[in-house]
Amino acid sequence: MSSKIWLSSPHMGGTEQGFVNEAFETNWIAPLGPNVNGFENDLSLFLGNDTHVAALSSGTAGLHLGLVLLGVKAGDEVICQSMTFSASANPIAYVGAKPVFVDSETDTWNMSPELLETAIKARIAAGVTPKAIIPVHLYGMPAKMPEIMAIANRYNIPVLEDAAEALGSSIDGRKCGTFGEIGVLSFNGNKIITTSGGGALVSHNSDLVKETRFLSTQARDEAPHYQHSKIGYNYRISNLCAGVGRGQMEVLPNRIQQRRDNYERYYSRYNGKKGIHFVTEPTGYFSNRWLSTILIDPAVAGFSREGLRLAMDKENIECRPLWKPMHMQPIFEQYEFFGNGTSEMLFANGLCLPSGSNLTDADFDRIFKVMDGFVK
Ligand SMILES: *Cc1c(COP(=O)(O)O)cnc(C)c1O
């Protein structure tokens, strides 16, 4: 059997180990240290636009702290994109709040601004103003942030931007993660860069980021003994993981280019084929193309998403259906949902293709061999 081709696997640049070794040599084996500060500086320089960054143990931790910082409490409502990974919505449950799910539009596959406004109006009419809005830049494609921010500002609801999949994506040069009051990044093993596990909270508001560092290290008040006046969390990134992150930041521009090149290879070979559809960048939008994805219309293409996925699997090539929307998940299906059919259609017909920045020409030969047998 030929070796496995993964959907998206870690891709070290080479300098990561040096930063980790330095941590060992100086005994900074802790959730603080020079790599943590260095990684945060690298990230805020990359994001630009006067952003402050707190590096954390995961993106999920960032979303949880984001809700805490926005004052979301038990019984509150939070609007969340339905077409996403569960980690966007789980933190709403951590704080005891209720999600209200909103469907996608077809240009970017992310939160529909029209349905967002419909949802806000309906919830206000029912007597509850949502406390936060969580849009997601799925697969690296930016959500329609100018429209979403305009609506959020009109109703005075803060935006918690889930940019876990979109480090390096932008709209008119402005980086994803820097549009909302708070943005969140992830450095999990499958993301565009990885610290093995890690995340970050991003904000223009330096007080929010300072508070994030405080809350994520157990909320210790200044005192020689352990003194607490707030509930704390153990959510800071370790200095070892942050060392991996510093090395990865050196190759981030390459990783974005490599992922975009992957997309280009699929697009140039299969765009325009019967029943095959790609999601393209609206004018001014720049996607890091974390994952390359296609939609298959089975009636036109003559084959289904599952047919292709299983054939790939047989050749030891990992593909995955597009994420199953949150409003269809057993754990979330009892919550309010404002829908238009888009995310259900995406889940029925969409496939994530191998997208690692470390894919070789030989890997693509194997992938294309299977796909060419289907796509006419
Ligand atoms: C990966 C991911 C997260 C969670 O990040 P972790 O670092 O794995 O906790 C959140 N939202 C989305 C959309 C993700 O893809």
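Further up the page is the structure itself.
None of the values given here were measured: they were computed from a predicted structure. (Residues numbered from 1 in each chain as written. Predicted model: local features only at pLDDT ≥ 70, side-chain atom pairs only at ≥ 80, totals over all residues. Heavy atoms only, no water.)

**Quick look at the sheet that holds strand 1 (residues 52–56)**
For step 1, the next point in the chain: The mixed open sheet is built from four strands, whose spatial order is 1-9-8-5. Because the sheet does not close on itself, it has two edges, and the strands there are strand 1 and strand 5 (160–162). Recorded for the sheet is a direction-independent mean angle of 20° between the axes of neighbouring strands.
For step 2, the next point in the chain: Alignment of strand 5 against strand 8 (residues 182–186), held across three bridges, turns out to be parallel. (Pairing = 2+ DSSP bridges. Helix = DSSP H or I, 4+ residues; strand = E, 2+ residues; numbered from the N terminus. Axes fitted to C-alpha atoms, helices over the stretch in contact; angles between N-to-C directions.)

**A closer look at the pattern of salt bridges**
For step 1, the next point in the chain: Overall, the coordinates contain 15 salt bridges when judged by the stated rule.
For step 2, the next point in the chain: The salt bridge partner of D76 is K131, with a shortest N-O separation of 3.1 Å. Here D76 is found in the loop between helix 3 (59–69) and strand 2 (77–81), whereas its partner K131 is found in the loop between helix 5 (113–125) and strand 4 (132–134), with 55 residues between them in sequence.
For step 3, the next point in the chain: With a shortest N-O distance of 3.1 Å, D361 and R265 are connected by a salt bridge. Here D361, found in helix 12 (residues 361–372), pairs with R265, found in helix 8 (residues 239–270); they are 96 residues apart in sequence, far enough to count as distant.
For step 4, the next point in the chain: Under the relative-accessibility criterion, D361 is labelled exposed at 52%. (Salt bridge = Lys/Arg side-chain N within 4 Å of Asp/Glu carboxyl O. Buried < 20%, exposed > 50% of the residue type's maximum accessible area, 1.4 Å probe, protein only.)

**Some words on the sheet that holds strand 13 (residues 320–321)**
For step 1, the next point in the chain: In space, the four strands of this open sheet follow the order 10-12-15-13, with antiparallel pairing throughout. This sheet does not close on itself; its edge strands, each paired only once, are strand 10 (276–277) and strand 13.
For step 2, the next point in the chain: As defined by bridge partners, strand 10 adjoins strand 12 (residues 292–296) across two bridges and the pair is classed as antiparallel. Its bridge partner being in strand 12, I276 is matched across the sheet by I296.
For step 3, the next point in the chain: Relative to the sheet, helix 10 (residues 305–314) contacts strand 12, strand 13 and strand 15 (350–353), its axis offset from that of strand 15 by approximately 25°. (Contact = heavy atoms within 4.5 Å.)

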